[in-house]
Every structure is written in structure tokens, then in C-alpha cells.
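The primary structure of each chain is shown beneath.
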Amino acid sequence: MTSAVLNPRRYLMDDRRFVGVLFLAPALLYILLLVGLPFLLAIAFGFSDVTVGNTELNFIGFDNFAAVWGNDIFRQVFGNTVMFTLVSQVFILIFANILAIIFTQEFTGKWFARFIFILPWATPVSLAAIGWLWMLDTKYSPIDYLLLQTGFLGPNGVLSNSRNLYWLANPLLSQISVIFVQVWRMTPLATVILMAGLSSIPTDILDQAEVDGSRFMRTLLQIKLPLILPIMVIALLFSMITMFGDMTVVYVLTRGGPVDYTRIIGLYSFQIGIEGGNLAQGAAMALFAFPLLLALALLMLRVASRAEVR
Amino acid sequence: MALLVWILQNFWSLLILSFATLLGLRIAYRLRKYGATRAELSYILRRSPFYLVVLIFCFFAAAPFLIMFLHSFKTDGDLYRRPQPFIYRQDPTFEHLESLFTNTAYLDFIRNSVIVGVAVVIITLILALPAAYALARLTGRWGERAGILMFLVYLVPPTLLFIPVFRIVVMLGLKDSPLALIVVYPSFTVPFSMWLLQGFFKAVPPELEEAALVDGYNRVEAFLRVVLPLSLPGIISTIVFTFTLTLHEFIYALVFITNTSRRTLSVGVPTELILGDVYFWQPLLAAALIIAIPVGFAYNLFLDSLVQGFTMGAVKG
């Protein structure tokens with residue numbers, strides 16, 4: 001340790017705490033600056049009358065929030081967002097569990113199957129949505145064509161008498177389409193997270209179960225699923241956050257239409273705040289979702305950590 | 001080219017035929033290896049529902065991509081006037097693919113995306129490598145809290161932040177500049193990379209660093225010369241996923257960049273390749289597919305490593 005006394009710089013570089021702070025500080029500062037500052041600014045915007053043209057921040061209290069909540073369109077938009085997120089999570093969890101169990105087993109052609117099933121997630125969302133925009137086209141939809149050929153559409157069709165279903169123009173079908181595309185693209189992410197959970201189960205537990213004569217379904221329901229519950233919660237959290245914070249799919253597919261049936265908070269806040277130039281109201285709208293999101297995140301973190309202790 | 005035309009014209013029969021051949025070969029292989037016994041046959045029979053499920057999922061995942069591929073080469077007459085979406089009634093054409101590269105800003109989009117992606121990867125590595133190491137090894141409770149803070153930051157969605165960030169970007173005069181994206185993207189790539197890298201760093205045996213410290217390296221040198229080289233595979237997969245995150249990002253790119261030739265792929269393709277209400281479907285579908293396939297390959301190649309990093313980060317963190 002004599003050298004440390006002789007060379008203070010060297011001593012510092014050996015100190016765990018000092019190097020730790022030195023290493024962590026730049027990233028933390030960068031993030032705080034880029035997320036913390038805009039976040040505070042978003043709150044400030046929510047209480048002000050700022051627009052694209054007017055840069056001055058005048059405090060106007062809760063007017064924006066009152067105006068936003070008094071807006072019938074916004075209420076529907078809020079409902080849509082919650083509904084889309086919840087409904088798609090149910091399907092995502094079901095499919096992701098099935099797929100994670102499939103892909104943690106060995107089988108012929110696994111590599112290729114995995115490549116295919118990961119494509120929806122790997123493709124940039126907006127480009128994948130372009131593919132679906134074409135699949136659900138009003139006139140040339142290949143899905144409609146299949147339904148037409150099989151007698152579900154067309155004269156005397158079971159679903160409709162016309163030659164097309166107008167996927168993105170019909171209120172209910174457009175909502176189903178948006179949810180479907182979200183499920184389609186988010187399932188791989190949830191699957192990968194669940195796979196991480198399944199592959200981290202200690203093999204001796206599974207071996208023991210096999211020795212004890214536990215069948216596949218029993219092992220699955222009584223050992224695997226409870227053990228990956230915390231990770232399932234994390235998967236759920238991730239995909240909910242991603243969906244809440246995303247407007248890409250609806251932007252490409254419907255721009256919120258028909259009427260407001262597929263408009264969600266992110267998109268509406270973009271349309272009011274950026275396209276409409278009313279930054280303050282746009283920010284207020286986005287803020288409406290935040291307490292909900294935060295409560296959800298904290299709840300899930302609690303569930304996850306409690307399950308881990310057990 | 002001739003081969004591609006032939007493939008396109010016989011797309012579905014080729015698809016089914018090649019699948020059937022592979023299946024047949026596989027069954028034949030098993031029967032040869034284990035003998036065509038009753039047990040073996042019943043094994044194959046019991047196994048088939050499993051493959052059927054895989055097949056159904058694969059079909060749903062792949063359907064739009066198959067259609068994208070098939071329709072990218074259709075002539076307008078084939079695509080619009082006599083809608084028969086699954087076969088070619090006229091010869092496939094490459095003119096749409098050519099016009100995508102010559103008449104549109106597609107190459108600009110690719111260039112912009114690469115510039116932004118590479119710059120963001122560099123910034124992310126500079127910030128996240130040491131920070132992840134600090135979280136994994138150097139800091140105790142304090143670092144754990146910082147880690148949770150990072151995780152919470154990841155939960156603040158871009159839909160909440162884009163309006164104030166847009167304001168700042170305009171104020172700094174960065175609107176329409178790729179620099180705006182380069183500065184803002186690390187706000188989500190850094191937390192993500194830290195989470196992932198932390199897992200990889202934890203997988204390096206601490207004894208190796210201790211040995212380096214005994215040999216007279218200090219902490220920083222031990223990190224640079226011992227830990228970094230050992231976690232290279234993890235770092236490479238972090239690079240891949242960081243790059244693709246920037247490729248995926250939509251909202252910031254849509255709001256910050258409004259100049260056609262400055263746009264990136266995720267926004268450029270769905271907004272600029274469309275003229276008003278007129279969709280040029282073949283180039284549009286081709287543009288999407290050309291990006292989807294390589295990214296899909298990269299994901300599949302590095303998926304195991306992602307799962308590993310994620311598990312390490314989650315289990316030991």
C-alpha cells in the first residue's frame with residue numbers, strides 16, 4: 001500500500017466507491033437530463049397555455065386538465081387506450097405462454113420456426129403495420145379474398161353480403177384489427193421474456209419432479225408457472241408500457257378512425273399537441289395516463305419482488 | 001432473376017412441396033434410425049399435434065411477410081384490376097423494386113437510419129458500459145437504487161415526453177437534424193443496454209478481476225483489460241439490439257424530422273412513399289420487407305444471448 005500513499009490518483013482509481021460513482025455518474029446525468037427535465041417540463045406545460053407559436057409559459061392552473069376531461073372525444077380516447085391495452089395483454093399472455101413452452105423444448109426445425117415467429121417483433125413496427133394495412137385493405141385485402149372464396153363473404157355470405165369486410169372502416173372491426181396487430185407484434189417480446197424465465201428454473205427441481213412421477217401438465221401448472229410468475233409479471237409490465245407508449249400501429253393503420261374508434265392517448269396528444277399546435281393540451285393529455293401507468297408499474301414491481309422472496 | 005420469377009409463379013406449391021419434402025425426410029430418417037415399429041409410429045403420431053401448433057403460429061406470424069414478398073413483384077394490372085391475391089396472372093416485374101431505389105428517397109432513409117443508429121450505439125456504449133459495470137460490481141445499496149431508478153425511467157413512455165422534448169429540440173435549432181435523434185435516442189437505449197450489460201458483466205467470474213488487481217492493475221484497468229474482452233459476445237448483442245431499437249423508434253422521428261430526405265426508415269417509408277391518398281403498394285411492401293428480413297436474422301442470431309443477459313440481470317440483480 002506504499003504506492004497508494006505515494007500516488008493519490010492511483011489510490012482513487014482503486015477505490016470501489018469512487019470508481020463506482022465515476023462510472024455511473026455520466027449515464028445517470030444524461031438520463032436525468034433527457035428524461036427528468038422533459039418530464040418536469042411536461043408537467044409545467046400541462047399547467048400552462050404554451051403553443052407552438054407562443055413560447056411563453058403562463059400558469060393557468062388546472063384549465064387544461066379540466067378542458068381535456070370535459071372533452072367527450074378524450075374520454076373515448078382514454079377508454080380506447082385502456083381497453084386496447086387490457087384486451088391485448090390477455091391474448092399476449094396466453095400465446096406467449098404457449099410459445100415459450102414450445103420454444104424451450106428441442107424439436108426439428110426449431111431455428112427456422114423461431115426465425116419466423118420472431119419476425120413480427122424484429123420488424124420495425126411502422127413497417128410491419130404497412131404489411132397489415134395492405135392485408136386489411138378496403139378493396140384488395142387478401143383476407144377478404146379468402147373469405148369470399150370460402151363463402152363467408154359475397155352474395156349470401158355468412159359474414160356480410162358485400163365483397164369486403166372494410167376492416168379499417170367498420171368501428172368494431174377496426175378495433176379488433178388494431179388489437180390483433182398489437183398482439184401479433186408484441187407476443188414475441190413477451191415470449192422471449194418468459195423463455196428467459198423458463199430457462200432459469202433450476203434443472204434439479206424439474207428432475208426431482210420427474211423422479212416423483214409428475215406428468216407434463218402437472219409439472220407445468222404446479223412447478224413451472226408459479227416459478228415464472230414474477231417474470232410473467234415483468235413481461236406483462238413491459239408489453240403494457242410499450243403499448244401504452246405507442247401510437248405507431250394506429251397512426252399507420254387508421255389515424256384514429258373511423259371517427260374516434262381507434263384513437264388512443266398517444267396519438268390524440270400528437271394530433272392536438274404537434275399537428276394542432278396546442279402543446280399545453282397535448283402535454284396535459286399525455287399526463288392523464290401517467291398516474292395510471294405509475295400505479296400499475298409500482299403494483300407489478302411489488303408483486304414481482306414479493307413472489308421472488310417466497 | 002429467372003429463378004426468382006419461377007419461384008414467384010409457383011410460390012404456394014413450392015412452399016407446400018418443400019415443407020412436405022422436409023417433413024417426409026424427417027419421418028423417413030426417424031423410421032430408418034429407430035425402425036418402423038409400433039412404438040415409433042405412435043411416437044410420431046403423438047408428436048404431430050405439437051408440430052401442428054407450431055405450424056399454425058408460424059403461419060400467423062409469417063402471413064403478412066409472405067404477402068409482402070409475393071406482391072412486391074406484381075404488375076399494377078395484376079395487383080389492382082383483377083384481384084387474385086395469391087397467384088401471378090401476369091409475369092412478375094422488377095420495375096417497382098427499381099423505382100423504389102431510383103425514384104424515391106428510400107436510399108436516403110437507409111443512410112439516415114444507419115447514421116443515427118451508429119452514432120447512438122457509440123454514445124450508448126460510452127455511457128452504458130461503465131455504468132452497467134458499476135451497477136454489477138462497484139456499488140452496493142446505492143447502486144441498486146440507481147438501477148431501480150433507471151428501470152423506472154424506462155417506464156416513462158415517449159408519448160409523454162415527445163412534446164417537451166420537441167420544444168427543446170426546436171429551441172436548440174435541432175429540428176430536421178439527425179442530431180436531434182442522436183441526442184434523444186440514448187434516453188431509452190442507455191437504460192436498456194445497462195440492464196442487459198449488467199447481466200453479462202455479472203457472468204464474468206470476480207476472481208479474474210481480483211487476480212488483475214493483485215497483478216497491479218487498478219479498477220479501471222481491470223475493467224478495460226479483463227472484463228470488457230471477456231464480455232465481448234454480450235457487448236456485441238447489446239450493440240445489435242441498441243441499433244435495432246433506434247431502427248424501430250417512431251414517435252420522436254416523426255415529430256423531430258419533417259424534411260423528406262432527412263427522415264429515417266421507420267417514418268420515411270410509411271409517410272413519404274405515399275402520395276396523398278395514393279399508395280404505391282409494391283414499392284411500399286418491398287421497402288418494408290427489405291428491412292424486416294435482415295433484422296429478423298440478427299434478432300434470431302442474438303436471441304439466446306439476449307435471453308441470457310436478461311436472465312442474469314433479473315435473477316442476480
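Asks: Hey, could you run me through the overall build of chain A in this one?
Replies: Per the secondary structure count, chain A includes 15 helices and 0 strands. On C-alpha atoms alone, chain A measures out to a radius of gyration of 25 Å, which is more than a quarter above the 19 Å that the 2.2 N^0.38 rule sets for 310 residues. Relative to its 310 residues, chain A shows a buried fraction of 45%. In chain A, 67% of the contacts between residues at least 6 apart in sequence involve partners at least 24 apart.

Asks: Is there a simple way to think about the overall build of chain B in this case?
Replies: The helix and strand tally for chain B stands at 16 helices and 2 strands. Dimensions along the principal axes, computed over C-alpha positions, put chain B at roughly 70 × 65 × 30 Å. Within chain B, contacts between residues at least 6 apart in sequence are counted, and of these 75% link residues at least 24 apart.

Asks: Looking at this structure, how should I read the interface of chain A and chain B?
Replies: Many analyses report the size of an interface as the accessible area lost when the parts associate. Opposite the 72 residues of chain A that make contact, chain B presents 78 residues. Of the residues forming the side of chain A that touches chain B, the biggest block, 17 residues, is contributed by helix H3 (residues 16–46) of chain A. Classifying every residue of the side of chain A that touches chain B by side-chain character gives 55 nonpolar, 13 polar and 4 charged.

Asks: Whenever I open this one, the packing of helix H7 (residues 141–155) of chain B against helix H10 (residues 186–202) of chain B confuses me. Can you help?
Replies: Packed helices, taken two at a time, are described by their axes: the angle between them and the distance between them. All names here are of chain B. Running from N to C, H7 and H10 point in directions that differ by 135°, and their axes come no closer than 9 Å. Relative to H10, H7 is oriented oblique. Here H7 runs over H10; the crossing is left-handed. Seen from H7, the contacting residues are Met150, Val153 and Tyr154; seen from H10, they are Phe188, Pro191, Phe192 and Met194. Grouping the amino acids of the contact of H7 with H10 by side-chain chemistry returns 7 nonpolar, no polar and no charged.

Asks: Please explain unusual backbone geometry as it appears in this structure.
Replies: With the exception of glycine, the majority of residues adopt a negative phi angle, and the majority of peptide bonds are in the trans configuration. Residue and element names in this part refer to chain A. Phi at Tyr166 takes a positive value of approximately 50°, unusual for a residue other than glycine. Considering the arrangement of structural elements, one finds Tyr166 in the loop between helix H8 (142–149) and helix H9 (171–199). Its identity is not glycine, yet Val259 carries a phi of approximately 50°, on the positive side. The topology assignment puts Val259 in the loop between helix H13 (248–253) and helix H14 (265–275). For Val259, a count of 11 C-beta atoms within 10 Å gives the class exposed.

Asks: For this particular structure, what's the right way to read H3 of chain A?
Replies: What sets the pattern is the α-helix's 3.6 residues per turn: residues three or four places apart point alike. An ideal rise of 1.5 Å per residue puts 45 Å on 31 residues; H3 of chain A measures up with 43 Å between its terminal C-alpha atoms. At Ala25 of chain A, H3 of chain A shows its maximal kink, close to 35°; a proline, Pro26 of chain A, follows between one and four residues later.

Asks: Would you explain the environment of Ala146 of chain B in this entry?
Replies: By secondary structure assignment, the location of Ala146 of chain B is in helix H7. Among the residues examined, Ala146 of chain B registers 22 C-beta atoms within 10 Å and is labelled buried. As a C-alpha pair, Ala146 of chain B and Leu135 of chain B span 11 residues in sequence and 8.1 Å in three-dimensional space. Every residue in contact with Ala146 of chain B, bar those within four places of it in the chain, is listed here: Leu24 and Leu28 of chain A together with Leu135 of chain B.

Asks: Where do I start with the environment of Leu14 of chain B in this structure?
Replies: Structurally, the position occupied by Leu14 of chain B is in helix H2 (residues 11–34). Note: C-alpha distance between Leu14 of chain B and Leu174 of chain B (160 residues apart in sequence) is 51 Å.

Asks: Quick question: what am I supposed to make of the packing of H14 of chain A against helix H8 (residues 158–171) of chain B here?
Replies: The contact between H14 of chain A and H8 of chain B brings their axes to 9 Å, and the two run at 15°. The angle between the axes of H14 of chain A and H8 of chain B places the two elements in the roughly parallel class. When you trace H14 of chain A past H8 of chain B, the crossing you get is right-handed. Contacts between H14 of chain A and H8 of chain B involve Ile265, Gly266, Ser269, Gly273 and Ile274 of chain A from the first element and Thr159, Ile163 and Phe166 of chain B from the second.

Asks: Just checking my understanding: could you explain the nonpolar core for this structure?
Replies: In summary, soluble globular proteins display a tendency toward joint burial of nonpolar side chains. Among the nonpolar cores identified, the biggest contains 174 residues, and Leu194 of chain A together with Ala288 of chain B are the most heavily contacted of them. In terms of residue count, the dominant contributor to this core is helix H16 (residues 281–316) of chain B (16 residues). Not counting the four nearest positions on each side in its chain, Leu194 of chain A is found in contact with Ala96, Asn97, Ala100, Ile228, Ile231, Met232 and Ala235 of chain A.

Asks: What should I look at first to understand the environment of Gly266 of chain A in this one?
Replies: Structurally, Gly266 of chain A is set in helix H14. Assessed through the 27 C-beta atoms surrounding it within 10 Å, Gly266 of chain A is described here as buried. Along the chain, Gly266 of chain A and Thr81 of chain A lie 185 residues apart, while their C-alpha atoms are 8.7 Å from each other. Beyond its immediate chain neighbours, meaning those up to four positions away, Gly266 of chain A contacts Gly245, Asp246 and Met247 of chain A together with Thr159 of chain B.

Asks: Got a minute to help me understand the confidence of the model for chain B in this structure?
Replies: The predicted coordinates should not be examined in detail at positions where pLDDT is low. When pLDDT is averaged along chain B, the result is 87, and 98% of the positions lie at 70 or above. Two summary scores accompany this predicted model of the complex, namely pTM at 0.89 and ipTM at 0.88.

Asks: What exactly am I supposed to notice about the confidence of the model for chain A here?
Replies: The share of residues in chain A with pLDDT of 70 or more is 93%, and the mean pLDDT across the chain is 83. When the criterion is pLDDT under 50, residues 1–5 of chain A qualifies, and its contacts beyond four places in sequence or with other chains add up to 4 contacts.

Asks: Quick question: what am I supposed to make of H8 of chain A here?
Replies: Buried within H8 of chain A are the following residues: Pro142, Asp144 and Leu147 of chain A. Buried residues along H8 of chain A sit against helix H7 (125–135) of chain A together with helix H3 (38–71) of chain B. Directly after H8 of chain A, the chain includes Gly151 of chain A, whose backbone phi takes a positive value near 85°.

What counts as what
- Along each chain, residues carry numbers from 1 onward, in the same order as the chain's sequence is written.
- As a convention, the first chain written is A and the first ligand written is 1, with the rest following in written order.
- Only residues with pLDDT of at least 70 are given local features in this predicted model, and only at 80 or more are side-chain atom pairs given and counted; all residues enter the totals for whole chains, interfaces and linings.
- Here a strand is any run of E in DSSP of at least two residues, a helix any run of H or I of at least four, and the numbering for each starts at the N terminus.
- Within these notes, the globule rule equals 2.2 Å times the number of residues to the 0.38 power, and the radius of gyration is based on C-alpha atoms.
- Between the buried cut of 20 or more and the exposed cut of 12 or fewer other C-beta atoms within 10 Å of a residue's own C-beta lies the partly exposed class, and all C-beta atoms are placed from the backbone.
- Two residues qualify as a contact pair if the distance between their C-beta atoms, derived from the backbone, is within 7 Å.
- Residue polarity follows a fixed list, in which Ala, Val, Leu, Ile, Met, Phe, Trp, Tyr, Cys and Pro are nonpolar, Asp, Glu, Lys and Arg are charged, and the others, Gly among them, are polar.
- Angles here are taken between N-to-C directions and fall from 0 to 180 degrees, while the axes themselves are lines fitted to C-alpha atoms, restricted in helices to the stretch in contact.
- In these notes the angle categories are as follows: under 35 degrees is roughly parallel, over 145 is roughly antiparallel, 65 to 115 is roughly perpendicular, and the rest is oblique.
- Whether a crossing is left-handed or right-handed is set by the direction in which the near helix is turned from the far one by less than a right angle, anticlockwise for left-handed and clockwise for right-handed.
- A helix is expected to span 1.5 Å for every residue after the first.
- Fitting axes to the seven residues that end at a residue and to the seven that start at it, the angle between those axes gives the bend at that residue.
- Think of a nonpolar core as buried Ala, Val, Leu, Ile, Met, Phe, Trp, Tyr and Cys residues, each tied to the set through C-beta atoms within 7 Å.
- Note on scores: pLDDT gives the predictor's confidence for each residue, bounded by 0 and 100.

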